[in-house]
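Inside the fold
Chain by chain, the residues:
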Amino acid sequence: QVQLVESGGGLVQPGGSLRLSCTASGMIFSLYTMGWYRQTPGKQRELVAVITGVGSTTYGDSMKERFTIARDNAKNTVYLQMNNLKSEDTAVYFCNADRSVFGIAGYWGQGTQVTVSA
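Attention here is on the structure that accompanies the text.

The next thing to look at is unusual backbone geometry. Despite not being glycine, Asn84 shows a phi value in the positive range, around 50°. Judged by its relative accessible area of 43%, Asn84 falls in the partly exposed class. Of note in this structure, Ser100 is not a glycine but carries a positive phi near 60°. Assignment of secondary structure puts Ser100 in the loop between β9 (91–98) and β10 (107–108).

The following block contains the structure:
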């Protein structure tokens, strides 16, 4: 019964900041690569950022300048710090956990809405 619980989404003005959190349970958190993805209606889910169990990070195109992914293995939590938000960042943001081992399923959170609007 793996569960990913997200928080931190909401309405923010352009140029503002948000910090998303995703807390995992039911798994050995440190063994999973954690990631954030986002999706808008009519578009494919897009990689935002990924962080391995030992802290190596990968960012989607044009994400690294404004977004930062981090994790706290002691708290089973992954974060996404989002700065200088733009209207184009409006999307549902999803937390993902991926063991990257054959036969072991990955998991998704429920998604949290981020809306950037004046």
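With that settled, the discussion passes to the state of the cysteines. A full pass over the atoms with the stated rule returns one disulfide. Two residues, Cys22 and Cys95, share a disulfide whose sulfurs are 2.1 Å apart. Residues Cys22 and Cys95 are joined through a disulfide that is left-handed, its torsion about the S-S bond being -80°. Here Cys22 is found in strand β3 (residues 18–25), whereas its partner Cys95 is found in strand β9, with 73 residues between them in sequence. The residues Cys22 and Cys95 share a single accessibility class, namely buried.

Okay, the sheet that holds strand β7 (residues 67–72) next. Strand order in this open sheet of four strands is β1-β3-β8-β7, and the pairing throughout is antiparallel. Every other strand in the sheet has two partners, leaving β1 (3–7) and β7 as the edge strands with one partner each. Neighbouring strand axes in the sheet, compared pairwise and without regard to direction, differ in orientation by 15° on average. Note that β1 and β3 share five bridges and pair antiparallel. The residue bridging Val5 from the neighbouring strand is Thr23, located in β3.

Cut-off values and rules
Residues numbered from 1 in each chain as written. Predicted model: local features only at pLDDT ≥ 70, side-chain atom pairs only at ≥ 80, totals over all residues. Heavy atoms only, no water. Buried < 20%, exposed > 50% of the residue type's maximum accessible area, 1.4 Å probe, protein only. Helix = DSSP H or I, 4+ residues; strand = E, 2+ residues; numbered from the N terminus. Disulfide = S-S within 2.5 Å. Pairing = 2+ DSSP bridges. Axes fitted to C-alpha atoms, helices over the stretch in contact; angles between N-to-C directions.

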